[in-house]
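Structural description and commentary
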Amino acid sequence: MGYSFFQALSENQLESRNEFLAKQVEFASRDIQKTFRSMDQDMVFFVENLEAWTYERTSNEQLAFEKRARRIFNNHRNLVDSIIVVFPNHVVSFHFDKGNNFVRTFHSGLEEIPLNHGNEIRFKSQKNNLQIITKVNTNRFLSSELSNFYLGASAEKLVYIDGKLLGFSEMNLSPGFILDDLSLEKITNDIREGIKGEYEGEFNNSLTGKNYRAVIHQYPFDFHPFDKDFAVIFIQDKKLITSGIYVTYISLFSGLLLLLIFVIAILFQFNRNTQVANKILSQKADEINELFRRQTFLLQESKGFIYFQDAKGEMTSVGKEVEGVLGYQQKEFIKNFKDKISPNYIQELNLLIDESIKNLKEVIAFEFEIQKKNGDWIRVKIFEKLLYDEKGAFLGNVGILTDIQEKYLAEQELIKSENRLRAVLKSLPDIIFIYNNSGIFLDYYIQDQSVLFSPAPESLGKSILEVLPTPLNTHFMGFFEKTVQTGKIQTAEFEIMTKLGKKMFETRLFKLDDDRVMSIARDITGQKLWEKGLKDAIKAADQANKAKSEFLANMSHEIRTPLNGLLGIIGLFENTPLTKDQKDFIQIIKDSGDSLSKIINDILDYSKIEAGMMELKMSVFHFKDEIQKIIKVFSGLSIKKDIELTYQYEGLIPTFIELDKEKIDQILYNLIGNALKFTPQGGKIHVLITGEPFLESNIILHFDIKDSGIGIPKDKLQILARPFVQVDGSNTREFTGTGLGLAISKNFIELMGGELKVDSEENVGSTFSFNILGKIFTKESLIISVKSFAGNTPDLDWKNMAAKYPLKILLVEDNAINLQFMQMLMNQLGYDIEIAKDGYEAIEKVEKSPLDLIFMDIQMPRLNGLKATQIIRKKAGGEAFKIVGLSANAFQEDIAEALASGMNEYLTKPVKIPEIAKVIQSCFFELKKTKGVI
């Protein structure tokens, strides 16, 4: 009895396990096939709903297309690796990268995309001649699907692919699993016949080395269009199925009590296994529900619903989304759906279905109007999959109906817009022709045909070479062919003899679409006459500006030459014994001369700005050192007036910057100088410099010069930066000047890509702000008080310099006053110099005796200083000494020309004694370095 009971339980356990495995392998196979078919149907629907012009119209349509592609990826991530969409003019691919980013890539053609023809599925649209290539990863997909089934530790999950067994191991499919030949042959025959099966046989797992008698269950599935045999195989060690029963019945012979305990344990284990199986089934059901939920969401997003029809065209089922789309209940729509279709489309729709069934077409798509429950008519599109049996008999169809009312209205609006555009073209005064790519006239829009060679209608159907006269026809045809080849707009001007006389036309040719070219010709005869008059006026203005510049240069030279003698003699006079009143008088004369020199500089700078001759001269320099030098220049005056002058850096201020150093210096000299001028004793001036980097090596520098001065009235701010304008223009004003400083600064700032802004309040102070663009920066933050500069660097002690710095000096100067001044100066310095009054005498002096330093005037009779310098430099030993230009020509081009001629330095008149002294000192040390001790 015990043995019989044991046998009954063993058979029951084995039967229960076989039933469980059979159900599980069926669930697994069906789920795999269902998921794969779902992907296949989604891709068919996707390709049939694509439009060839998706990437040739609006960005909204492109965005909608890419959203659909992404939703397909989200629904089939484990199966789909990438999607390649082949449009007539584009190839676009989509995939997820390693960072889980959805990536779109444009390709020039399929040839640049690597394809493994064993893992691609091609979906083609018969309607639009489009193609989608889907790369699938069956290994990953099958592994993911098999991971959803738990069979217990002693069971194996396999996939059969064309006679090969691949086992599920570590979330991957791998070989190494073997069945005995007899079992494998039976399984193979059943799979080819599409029959599920249950078997027993010998199984070997080479990965673990296990070999045992196994219970085997297989269920075939289809991976259309892959032409292979597929099946899911679940294997269980038969011995382990009943192992618990063996242990129980060994214990049975030990006692009836133990038998009862083991029977309870067996029942408990059986119940637990059943619970596990039920839990797995429940999880799978949840996954199926989630899949349906996603499908419902997709239909809701696309404003559509799914429906099923039988071979007679009667609707058998419809999705519940129909209520949201059309307002009908499911039963109501199934019963009366044909009555809702607009009569205008019934005959055409029936004809389409009949023809498709006759030709065994698998899919159809059609647009028509349908009435909603509220009475509104809307535009819809259906996409149907037609089903046939093996003999080709029609079984019915499954379809999706989508609300496309908004899209349809947009398309109608586009048609209206095109019609409006045509109306606009017809109203334009231009001459408009449309051609095909061979240059044949197709259409025209012309208001006045009197300017044509022949009536426009007679041109239709003829080529450009036939209609236009020679040589205009070949010339025009050349531009036309270039437009067709490059696709770029071409512009040409033609002079034509019309019935109304000679005319000038400007013609633009451009591609209207892939097959047509448009030309727009405009009569520009009047414009050309106006341009000629404008060019003549500009030429006259340029000549006037040139004459003005030459006049200013000459006036500058004529004023600076006597001013040089005046200020030079005053400098010498300062070093003679003087009474206090005499010193005051001398200081007044000196200050007046300096003021006059500054006025001349301002006038010359502004004249160049007006003439459009001002250019940026970029150089790389130590930015903070340059700012420190500028502040240091004003430190003496700020201390004298008891004004707190500080400056500060914020943000990223680079060490070296590429800018026009001279112009930024002049801007800061003008703005800080104005602040010191208009700030009373005991006031404050703060210079804030901030840096904001952009585009790698570029930086925006922002300057704020804030003072606590007298401020500027609101009504004067608008005219502040005008040339020759001052806030106080009266004869009794307290502060003097030309009124050019701010005008010049404003123009320099705009030339450097910035803008000058002024914020001021009377009796409170002013803030002058501006931005400029520079290159190269480093990060640094610093605030420095100018009070750290307690005083300026001591001036050079130039008295009796000849003893400290012995040099042989030649002065080349033709002006008697300047010559007398320079001789007196050199005598005070202790030098006995040689004199030459023009370039030829200078060359003779150089040839007769060796020299160390030449002060060379520029404008001289017979031979000027520039040519004399060039001749001297070409002579033997002509590079052995230093030549310093000394001239009243102060334009930058004059300085550049002088340095290019071979001069080492250039001093503009009026020169100051310390400048001469520093040049001598610098020359001495340079010669000492190159030649040794002099």
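Look a little higher up for the structure.
Let me begin by describing the structure that accompanies this report. Quick caveat: nothing in here was measured; it's all calculated off a predicted structure.

Helix and strand counts for the protein chain come out as 25 helices and 35 strands. Burial statistics for the protein chain: of 934 residues in total, 42% are counted as buried.

To continue, consider the side chain of Asp707. On the secondary structure map, Asp707 appears in strand S27 (residues 698-707). We note that Asp707 is buried and unpaired, the nearest opposite charge coming from Lys706 at a distance of 9.5 Å. From its side chain, Asp707 meets the backbone nitrogen of Gly709 in a polar contact 2.8 Å long.

Before going further, it helps to examine the sheet that holds strand S17 (residues 394-403). Here we have five strands laid out as an open sheet, ordered S14-S13-S17-S16-S15, and antiparallel in their pairing. Strand pairing shows two members of the sheet lacking a second neighbour, strand S14 (315-318) and strand S15 (363-371), which therefore form its edges. Neighbour-to-neighbour, the strand axes of this sheet turn through a mean angle of 25 degrees, independent of strand direction. Sitting on the sheet, helix H9 (residues 330-340) is in contact with strand S13 (304-310), S14, S15 and strand S16 (377-388), with an inclination near 125 degrees to S14. Most of the contacts of helix H10 (residues 343-358) go to S15, to which it runs at about 165 degrees, and overall it touches S15, S16 and S17.

Helix-helix packing: each pair is described by the crossing angle between the helix axes and the interaxial distance. Interhelical geometry of helix H17 (residues 623-640) versus helix H18 (residues 661-678) gives an angle of 25 degrees and a closest axis separation of 10 Å. The angle between H17 and H18 places the two elements in the roughly parallel class. Viewed along their axes, H17 and H18 form a crossing whose handedness is right-handed. On the side of H17, the interface is formed by Glu626, Ile627, Ile630, Ile631, Val633, Phe634, Leu637 and Ser638, while H18 contributes Lys661, Asp665, Leu668, Tyr669, Ile672, Gly673 and Leu676.

The omega torsion of the bond from Thr470 to Pro471 falls at 5 degrees, within 30 degrees of zero and hence cis. Relative to the helices and strands, Pro471 resides in the loop between helix H13 (464-467) and helix H14 (472-486). Located in the positive-phi region is Asp162, a residue other than glycine, with phi close to 50 degrees. In this structure, Asp162 sits in the loop between strand S6 (155-161) and strand S7 (164-168). Even without glycine at this site, Leu360 takes up a positive phi of about 55 degrees. Considering the arrangement of structural elements, one finds Leu360 in the loop between H10 and S15.

Another aspect to go through is the sheet that holds strand S35 (residues 905-908). Pairing in this open sheet of five strands is parallel, and the strands run S32-S31-S33-S34-S35 from one edge to the other. Each edge of the sheet is formed by a strand with only one pairing partner; in this case those strands are strand S32 (834-836) and S35. Put simply, the sheet's adjacent strands are angled 20 degrees from each other on average, direction ignored. Taken together, the four bridges between strand S33 (residues 853-856) and strand S34 (residues 882-887) define a ladder with parallel strand orientation. Bridging across to S34, Met856 finds its partner in Gly885.

Under the definition given, this model contains 24 salt bridges. The closest approach of N and O atoms between Arg30 and Glu26, which form a salt bridge, is 3.0 Å. With Arg30 and Glu26 both in helix H1 (residues 2-48) and four residues apart, the pair spans about one turn of that helix. Overall, Arg30 belongs to the partly exposed group, its relative accessible area being 47%. Looking at Glu26, the relative accessible area reads 22%, which means it is partly exposed. Across the pair Glu847 and Lys875 runs a salt bridge whose closest N-O atoms are separated by 2.8 Å.

Quick notes on the rules
Residues numbered from 1 in each chain as written. Predicted model: local features only at pLDDT ≥ 70, side-chain atom pairs only at ≥ 80, totals over all residues. Heavy atoms only, no water. Helix = DSSP H or I, 4+ residues; strand = E, 2+ residues; numbered from the N terminus. Buried < 20%, exposed > 50% of the residue type's maximum accessible area, 1.4 Å probe, protein only. Lys, Arg positive; Asp, Glu negative; His and termini not counted. Salt bridge = Lys/Arg side-chain N within 4 Å of Asp/Glu carboxyl O. Polar contact = N/O pair within 3.5 Å; in protein donor to acceptor, adjacent residues only side chain to side chain. Pairing = 2+ DSSP bridges. Axes fitted to C-alpha atoms, helices over the stretch in contact; angles between N-to-C directions. Contact = heavy atoms within 4.5 Å. Parallel < 35°, antiparallel > 145°, perpendicular 65-115°, else oblique. Left-handed = near helix turned anticlockwise from the far one by under 90°.

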